[in-house]
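# Examining the three-dimensional arrangement
Next come the chains, spelled out residue by residue.
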Amino acid sequence: MLVYLHQYREGESKGNKERDVGGSVDHETEEYFNTDELEADEWEEFEYDGTTLNRRVATFDEVTAVSVPKDHLEEQGEVPGVTIQLRTEGGETEYVENAVIIEVTDPDP
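Since we're looking at a predicted model, the values are computed, not measured. (Residues numbered from 1 in each chain as written. Predicted model: local features only at pLDDT ≥ 70, side-chain atom pairs only at ≥ 80, totals over all residues. Heavy atoms only, no water.)

Of regular secondary structure, the protein chain possesses 1 helix and 7 strands. In sequence order, the protein chain lays out its α and β elements as β-β-α-β-β-β-β-β. For the protein chain, the residues scored as buried account for 23% of the 109 residues in total. When contacts within the protein chain are restricted to residue pairs at least 6 apart in sequence, those whose partners lie at least 24 apart make up 56%. In the form shown here, the protein chain has an accessible surface area of approximately 8,000 Å², with 41% of it arising from carbon and sulfur atoms. (Helix = DSSP H or I, 4+ residues; strand = E, 2+ residues; numbered from the N terminus. Buried < 20%, exposed > 50% of the residue type's maximum accessible area, 1.4 Å probe, protein only. Contact = heavy atoms within 4.5 Å. Areas by Shrake-Rupley, 256 points an atom, 1.4 Å probe, with all protein chains shown as cover.)

Shown next as structure tokens:
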């Protein structure tokens, strides 16, 4: 399955968008990473109940199960969302905090 989420965090950026890419690179992206594009986490700043928050799109492929762990069902923090647990085809488990499920698609139902 393909899982499409919005993940939230408290606002930290100074401008409209913030990119989490780590240190600087002195080479062309294609040359250095042997790829045409460098995927980076891009956080969009917005107002929510009078507070500045950041939101990003998170996409996960090859997911076999989506759930909200019982101990996270009643989370209610300053930002929208809850912790979502994703299990992948490889048997790995990943937790995405402060997330809201936008869409889950099974390409081969």
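Moving on, we come to unusual backbone geometry. Phi is positive for Glu62, which is not a glycine, with a value near 60°. Overall, the relative accessible area of 45% leaves Glu62 in the partly exposed class. Not every positive phi belongs to a glycine, and Asn98 is a case in point at roughly 50°. With respect to the helices and strands, Asn98 occurs in strand 7 (residues 93-105).

Right, let's get into the nonpolar core. Core analysis: the biggest nonpolar cluster contains 9 residues, these being Val3, Leu5, Ala58, Phe60, Val63, Ile84, Leu86, Val96 and Ala99. Within the residue set of this core, elements represented by two or more residues are strand 1 (2-10), strand 4 (51-60), strand 6 (82-88) and strand 7. Excluding residues within four positions of it along the chain, Val63 makes contact with Met1, Val3, Leu86, Arg87 and Thr88. (Core = buried A, V, L, I, M, F, W, Y, C linked by side-chain atoms within 4.5 Å.)

Attention now moves to the confidence of the model for the protein chain. Looking at the protein chain, pLDDT values average 78 and 68% of them are 70 or higher. Confidence over residues 13-27 falls short of pLDDT 50; this stretch has 27 contacts with residues more than four positions distant or in other chains. Contacts for the low-pLDDT stretch residues 32-39, under 50 throughout, to residues beyond four places or in other chains number 11 contacts. (pLDDT = per-residue confidence, 0-100.)

The next subject is the pattern of salt bridges. Side-chain pairs of opposite charge can arise whenever the charged atoms involved come near each other. If you walk through the whole model with that rule in mind, you get 1 salt bridge. Glu44 is paired through a salt bridge with Arg55; the nearest N and O atoms lie 3.6 Å apart. Of this pair, Glu44 sits in strand 3 (residues 41-48) while Arg55 sits in strand 4, placing them 11 residues apart in sequence. Judged by relative accessible area, which is 37%, Glu44 ranks as partly exposed. (Salt bridge = Lys/Arg side-chain N within 4 Å of Asp/Glu carboxyl O.)

Take the packing of aromatic side chains next. Taken as a whole, this structure holds 1 aromatic pair when the rule is applied. Seen from their ring centres, Tyr8 and Phe46 are 5.9 Å apart, and the 65° between their planes marks the pair as edge-to-face. Pair noted here: Tyr8 is in strand 1 and Phe46 is in strand 3, with a separation of 38 residues, a long-range link. Classification of Tyr8 as buried rests on a relative accessible area of 10%. (Phe/Tyr/Trp six-rings, centres within 6.5 Å; stacked < 30°, edge-to-face > 60°.)

Glancing now at the side chain of Gln85. Looking at the secondary structure, you find Gln85 in strand 6. Residues within four places of Gln85 in sequence aside, it is in contact with Ala65, Val66, Ser67, Pro69, Thr93, Glu94 and Tyr95.

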